[in-house]
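# Notes for the structure review
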Amino acid sequence: MSKLTVDTFQNGSIKNVDSSSSVQELEEYDFSKLPARPRNLNLERQRSFEERSLSELPVGLSPHPPSRADNFYRAFDNFDNVFSPSKRSGFNTPMSQFGFGQSFEPHPMIAEAWDNLRRTLVHFRGQPVGTIAALDNSDEKLNYDQVFVRDFVPSALAFLMNGEPEIVKNFLLKTLRLQSWEKKIDRFQLGEGVMPASFKVLHDPIRNTETLIADFGESAIGRVAPVDSGFWWIILLRAYTKSTGDTSLAEKPECQKGMRLILSLCLSEGFDTFPTLLCADGCCMIDRRMGVYGYPIEIQTLFFMALRCAMLLIKQDASGKEILERIVKRLHALSYHMRSYFWLDLKQLNDIYRYKTEEYSHTAVNKFNVMPDSLPEWIFDFMPTHGGYFIGNVGPSKMDFRWFCLANCIAILSSLATHEQQTAIMDLIESRWEELVGDMPLKVCYPAIESHEWRIVTGCDPKNTRWSYHNGGSWPVLLWLLTAACIKTGRPQIARRAIELAEARLSKDGWPEYYDGKNGRYIGKQARKYQTWSVAGYLVAKMMLEDPSHLGMISLEEDKQLKPVLKRSSSWTF
Ligand code: GLC
């Protein structure tokens, strides 16, 4: 293995050391100086960061005329402006009056979830910097004792909603420091902007040192860099800024640089003919080979959301201006491409069914030369009359028709989906409730890959057998994304139904990472217990339902400048 040169911080001075395994930060630290537990900060609400940034943008962005759903949650957003944003969600009070017009009894699982979440806190230099992936006491910890960037997002949102932004700030700054390390896999150096998939603090009580180890893909199974980490980092920075009103963090030169580096990786010129990002398998939440190679929908929606968040956060100074222009251009191209080619409803399905192939020239209708014979059997029954969704992948002669949960929720939250598409996505979830929610919310993707296809696509992966883990397993963490999407589209009753299902089992089953089976009735074959994002996802879902104004930190209004493409998307008129 090649040697890495890393900076070592000892007694305030910086030394160069060689590491033969991974990127490390060594820290001499006096444990007796540990500060008290995180305080509840009571930050004064400042002018909304969005308001401030929007008016400073190079392109004038006027908000879309408010829809029924917008008005629905904006009513609560106003509430947020009046009171301190760091007000705790009212679970400690016997009865809260903000539960979407209905009384809301705190569920006994909430206190248990907070206890579990706090037990996963990781400290570095005496400060909380993240939460480990699972409180797992088995021998097979693998890397579940690490702080994963993507896993920390629901934890971070829970802390922000509870008026504890300090840990989120520490996490953002700490991971930013990790970004600047030299990253190598064998002899190949990774891009400067790559953010780690996860990191870990090693304590040496004898030498009184703390060591930080980060994984950028060089230890990960499959050796894949986490493309989603950087996007989540930007999305979280905006959530922090929106929730606290503290713009000083995002304005720091190092944060501005961090964002520019992340985005430079994605906005660089190459041989691409599409505005979407070409990715390897395993680069996102589904971090194993699952046939998402190409232009996976999860990455495209996170890319879109991160670009929109960055547009609000990047300062218009000399270095910011240029990247802002590139962001705006890419957003236009990306939203057009996604809304045109990734969107599927009954009308579009029927068009593909009747596609001609081998068309050449600009007039081609079937631009990617998709063969109608490649349409899978299940799609004809699965597609409801009303409803639609963004499919898994689109490339040359390739359409992956699988439904992916995280991506479709992010499409709603980022407003990559137009208002009509947002409604259609929710319509589909309601009409295909048994398939997508079943006994435990929520399927990571639908349907599962089986038999010969499973062999070819997963490379015979025994963890991803049909209806298990990433291959059609049910992941409780997705509850927070569903709830956010429900609130945004004005359909909180759907979230309530899903949460009730989770409440019937989650605590009793020990907060598993995922469930198996067509209906999600079985605790996952190799699922961790006390999986942190299952716990945090539940808390975030509950807090958002109780106080919908929280949605603002993770949701963006439709941008009128990004014109909807509606020519084919007419499922709602059927
Ligand atoms: C699994 C998941 C991944 C998650 C990790 C830690 O590998 O696929 O998304 O980040 O576990 O929980």
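Residues numbered from 1 in each chain as written. Predicted model: local features only at pLDDT ≥ 70, side-chain atom pairs only at ≥ 80, totals over all residues. Heavy atoms only, no water.

## Some details on the overall build of the protein chain
Note the cut-off: Under the DSSP-based scheme used, a helix requires at least four consecutive residues in state H or I and a strand at least two consecutive residues in state E, with every element numbered from the N terminus. Relative accessibility decides the category of a residue: with a 1.4 Å probe and only protein chains considered, values under 20% of the type maximum give buried, values over 50% give exposed, and everything between is partly exposed. The criterion used for residue contact is that any of the two residues' heavy atoms lie within 4.5 Å. All accessible areas in this document rest on Shrake-Rupley with a 1.4 Å probe, and a residue is counted as covered only by the protein chains that are shown.
Helices and strands together make up the secondary structure of the protein chain, namely 19 helices and 18 strands. In the protein chain, buried positions account for 60% of the 574 residues. Taking the contacts inside the protein chain whose residues are at least 6 apart along the sequence as the reference set, 71% of them involve residues at least 24 apart. Entry remark: accessible area of the protein chain is about 23,400 Å², with carbon and sulfur atoms responsible for 52%.

## Quick notes on the pattern of salt bridges
What counts here: We count a salt bridge whenever a side-chain nitrogen from Lys or Arg sits within 4 Å of a carboxyl oxygen from Asp or Glu.
As enumerated under the stated definition, the model contains 14 salt bridges in all. The salt bridge partner of Arg288 is Asp461, with a shortest N-O separation of 2.7 Å. One end of the pair, Arg288, is in the loop between helix H8 (253-267) and helix H9 (297-313); the other, Asp461, is in the loop between helix H16 (451-458) and helix H17 (479-488), with 173 residues separating them in the sequence. On the basis of relative accessibility, which here comes to 18%, the residue Arg288 falls in the buried class. Look at Asp461 and you get buried, because its relative accessible area is 7%.

## What to know about the state of the cysteines
Between two cysteines, a covalent bond joining their sulfur atoms is known as a disulfide. Applied cut-off: By definition, disulfides here are pairs of cysteine sulfur atoms that lie within 2.5 Å.
Going through the model one piece at a time under the given rule, you end up with zero disulfides. Cysteine Cys283 remains unbridged, with the sulfur of Cys279 as its closest cysteine sulfur at 4.1 Å. Cys409 provides the cysteine sulfur closest to Cys405, a residue in no disulfide bond, and the two sulfurs are 4.2 Å apart.

## Overview of the site of the ligand
Stated formally: Summary of the distance rule: residues count as near a molecule or strand when at least one heavy atom falls within 4 Å of that molecule or strand. Any N or O atom pair separated by 3.5 Å or less is treated as a polar contact, with the protein-specific requirement of one donor-capable and one acceptor-capable atom, and with residues adjacent in sequence counted only for side-chain atom pairs. Polar here means any residue other than Ala, Val, Leu, Ile, Met, Phe, Trp, Tyr, Cys and Pro, which are nonpolar, and Asp, Glu, Lys and Arg, which are charged; Gly is therefore polar.
Surveying the vicinity of the ligand reveals 13 residues, the closest of which are Arg150, Asp151, Met285, Asp287 and His470. Tyr469 has a polar side-chain atom sitting 3.3 Å from an oxygen atom of the ligand. In the environment of the ligand, an oxygen atom lies 2.9 Å from a nitrogen or oxygen atom belonging to the side chain of Gln531. The fraction of the free accessible surface of the ligand (310 Å²) that becomes covered by protein chains is 96%. Partitioned by chemical class, the residues of the shell around the ligand number seven nonpolar, two polar and four charged.

## A word on the sheet that holds strand E16 (residues 445-446)
In a beta sheet, neighbouring strands are held together by backbone hydrogen bonds and run either parallel or antiparallel to one another. Definition in use: When DSSP finds at least two bridges between two strands, those strands are taken to pair.
Pairing in this open sheet of four strands is antiparallel, and the strands run E13-E14-E15-E16 from one edge to the other. Strands with a single pairing partner mark the edges of an open sheet, and in this sheet they are strand E13 (343-345) and E16. Sheet topology note: the strand E14 (residues 388-395)/strand E15 (residues 398-404) ladder contains four bridges and is antiparallel. Looking at E15, one finds that Val394 is bridged to Met399.

## What to know about the side chain of Asp547
Position of Asp547 relative to the elements: it lies in the segment after helix H19 (532-546). When its relative accessible area of 2% is taken as the criterion, Asp547 is described as buried. Separated by 2.7 Å, the side chains of Asp547 and Ser549 make a polar contact.

## A closer look at the packing of H8 against H9
In plain terms, the rule: The axes used here are C-alpha line fits, helices contributing only the stretch in contact, and every angle between their N-to-C directions lies in the interval 0 to 180 degrees. These descriptions rest on fixed angle ranges, namely under 35 degrees for roughly parallel, over 145 for roughly antiparallel, 65 to 115 for roughly perpendicular, and the rest for oblique. Handedness of a crossing follows from how the near helix is turned relative to the far one, being left-handed for an anticlockwise turn of less than a right angle and right-handed for a clockwise one.
Taken N-terminus to C-terminus, the directions of H8 and H9 make an angle of 140°; their axes are 11 Å apart at the nearest point. In terms of their interaxial angle, H8 and H9 are classed as oblique. Here H8 and H9 pass one another in a crossing that is left-handed. Side by side, H8 and H9 meet where Gln256, Met259, Leu263, Cys266 and Leu267 of the first sit next to Phe303, Leu307, Ala310 and Leu313 of the second. Taken together, the residues that form the contact of H8 with H9 break down as eight nonpolar, one polar and no charged.

## Considering the packing of aromatic side chains
This is how it is decided: Ring pairs shown here join Phe, Tyr and Trp side chains whose ring centres sit within 6.5 Å, with only the six-membered ring taken for Trp; geometry is labelled stacked below 30 degrees between planes, edge-to-face above 60, and tilted in between.
For the structure shown, the criterion picks out 20 aromatic pairs. When the ring of Tyr341 is compared with that of Phe368, the centres are 5.0 Å apart and the planes differ by 85°; the resulting orientation is edge-to-face. Placement of the pair is Tyr341 in helix H10 (residues 318-342) and Phe368 in the loop between helix H11 (346-353) and helix H12 (378-382), with a sequence separation of 27 residues. Summarising the burial analysis for this pair, Tyr341 and Phe368 share the class buried. Clustering of aromatic rings is evident, with ring pairs tying together Phe274, Tyr295, Tyr336, Tyr341 and Phe368.

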